[in-house]
Amino acid sequence: MDSGQAGIFDIQKYRIPDADSVSDSSDTDTEWYYACCDITESGEEAGVLDGGVVSRTGMGDGAYGVYKAVNGQEQVVGVKIVFIKS
């Protein structure tokens, strides 16, 4: 399934609400996924949730250039996703 969303998340908070999930199926929609959908389906089409940000992409998943900036300790300090080429 292509949800048409892109997100950037702190790995320590990624999908935390799913920690008690009894299903091992990757097809199962979760509270965390629904929280992302609520944000991207809003009038703003993007927003912040605990530990990350999510945005509607418009054309689907996986078709965009992604760039990162790292500091001296190789920690990611910035991310840029190019949704539209000019």
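Check the entry above for the structure.
Residues numbered from 1 in each chain as written. Predicted model: local features only at pLDDT ≥ 70, side-chain atom pairs only at ≥ 80, totals over all residues. Heavy atoms only, no water.

### Details of the nonpolar core
Within the largest apolar cluster, seven residues are counted, these being Trp32, Tyr33, Cys36, Cys37, Ile39, Leu49 and Val54. It is helix H1 (residues 31-40) that provides the largest number of residues to this core, a total of five residues. If we ignore the near neighbours within four places in the chain, the residues touching isoleucine 39 are Glu45, Ala46, Gly47, Val48, Leu49 and Val54. (Core = buried A, V, L, I, M, F, W, Y, C linked by side-chain atoms within 4.5 Å. Buried < 20%, exposed > 50% of the residue type's maximum accessible area, 1.4 Å probe, protein only. Helix = DSSP H or I, 4+ residues; strand = E, 2+ residues; numbered from the N terminus. Contact = heavy atoms within 4.5 Å.)

### Comments concerning the pattern of salt bridges
Any two side chains of opposite charge can pair if their charged atoms end up close together. According to the stated counting rule, one finds two salt bridges in the structure shown. Notably, a salt bridge pairs aspartate 50 with lysine 13, separated by 3.1 Å at the nearest N-O pair. On the criterion of sequence distance, the pair formed by aspartate 50 in the loop between strand E2 (46-49) and strand E3 (52-56) and lysine 13 in the loop between strand E1 (5-9) and H1 is long-range, its members being 37 residues apart. (Salt bridge = Lys/Arg side-chain N within 4 Å of Asp/Glu carboxyl O.)

### Some thoughts on the pairing of E2
Successive residues of a regular strand alternate their side chains across the two faces of the sheet. Where E2 and E3 come together, four bridges link them in antiparallel fashion. Residue pairing for E3: glycine 47 is matched across the bridge by valine 54. Linking E2 to E3, which pair antiparallel, is a turn of two residues; within it glycine 51 sits at a positive phi near 90°. (Pairing = 2+ DSSP bridges.)

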